[in-house]
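Summary of structural features
Residue strings, one per chain:
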Amino acid sequence: MADDWKDALGALLGAGTLPEGDPGTSTAHPSAPGTKEKSAPRPILTLHYEKKGRAGKPATIIAGFPEDDDAEALATARVLKQRIGCGGSARGGEILLQGDRREQARRLLCELGYRVRN
């Protein structure tokens with residue numbers, strides 16, 4: 001009984017009903033053995049809170065991203081800002097979140113696979 005769906009899927013693939021090599025579709029499950037892509041290790045990020053030099057307005061700073069490539073910091077900042085629901089920016093290997101968002105940011109960064117320290 002456990003192999004019935006596999007047989008049905010194989011028959012559909014053999015009949016040409018399902019696309020095999022279309023871009024953007026994958027027939028392999030991401031957690032299947034042999035499908036893991038090797039990626040660069042995630043950087044260790046540091047979180048700190050500051051008000052000084054910001055007219056008394058609190059900010060959470062996340063540092064530790066590579067300074068030469070802001071793409072990772074920008075993408076991570078976008079996710080954090082959307083999921084936390086706050087404003088902020090990313091530049092120079094740092095993410096600035098408006099307000100004291102240390103605990104929320106730590107939890108979300110851990111979910112995203114980063115290691116975080118104070």
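Right above here is the structure, for reference.
Here's a quick rundown of the structure. The numbers attached to residues start from 1 for each chain and follow its sequence in the written order. For a predicted model such as this one, the threshold for reporting local features is a pLDDT of at least 70, and the threshold for listing and counting side-chain atom pairs is 80 or more; totals across whole chains, interfaces and linings nevertheless cover every residue. Only hydrogens and water are set aside when side-chain values are computed; all heavy atoms of the structure are taken into account.

**As for the side chain of Thr76**
Spelled out, the test is: In DSSP terms, a helix is any run of H or I states spanning at least four residues, a strand is any run of E spanning at least two, and both are numbered starting from the N terminus. Pairing of N or O atoms within 3.5 Å defines a polar contact, subject to two protein rules: one partner must be a possible hydrogen donor and the other a possible acceptor, and residues neighboring in sequence count only if both atoms are side-chain atoms. Two residues form a contact once any of their heavy atoms are found within 4.5 Å.
Its location among the elements puts Thr76 in helix α2 (residues 71-84). Polar side-chain contacts of Thr76 include one of 3.0 Å to the side chain of Tyr114. If we skip the residues at most four places from it in the chain, Thr76 touches Phe65, Ile95, Leu109, Leu112 and Tyr114.

**A short note on helix α3 (residues 102-111)**
Applicable threshold: Categorising residues by exposure relies on relative accessible area from a 1.4 Å probe, with only protein chains included: less than 20% of the type maximum marks a residue as buried, more than 50% marks it as exposed, and the intermediate range marks it as partly exposed. Read the arc as the range of directions from the helix axis to the C-beta atoms.
Restricting attention to buried positions, one finds in α3 the residues Ala105, Leu108 and Leu109. For α3, the angular spread of the buried residues around the axis is 100°, confining them to a single face. At its buried positions, α3 is contacted by β1 (44-50), β2 (59-63), α2, β4 (94-98) and β5 (115-117). One or two positions beyond α3, positive phi appears at Gly113, with a value near 100°.

**Notes on the packing of α2 against α3**
Our working definition: Here an angle of 0 to 180 degrees is reported between the N-to-C directions of two axes, which are lines fitted to C-alpha atoms, with helices fitted over the stretch in contact. Any angle between 65 and 115 degrees counts as roughly perpendicular, while under 35 counts as roughly parallel, over 145 as roughly antiparallel, and the rest as oblique. Put simply, a crossing is left-handed when the front helix is turned counterclockwise from the back one by less than a right angle, and right-handed when it is turned clockwise.
At a minimum axis separation of 11 Å, α2 and α3 run at an interaxial angle of 125°. Put simply, α2 runs oblique to α3. The hand of the α2/α3 crossing is right-handed. Mapping the contact onto sequence places Thr76, Leu80, Arg83 and Ile84 in α2 and Gln104, Ala105, Leu108, Leu109 and Glu111 in α3.

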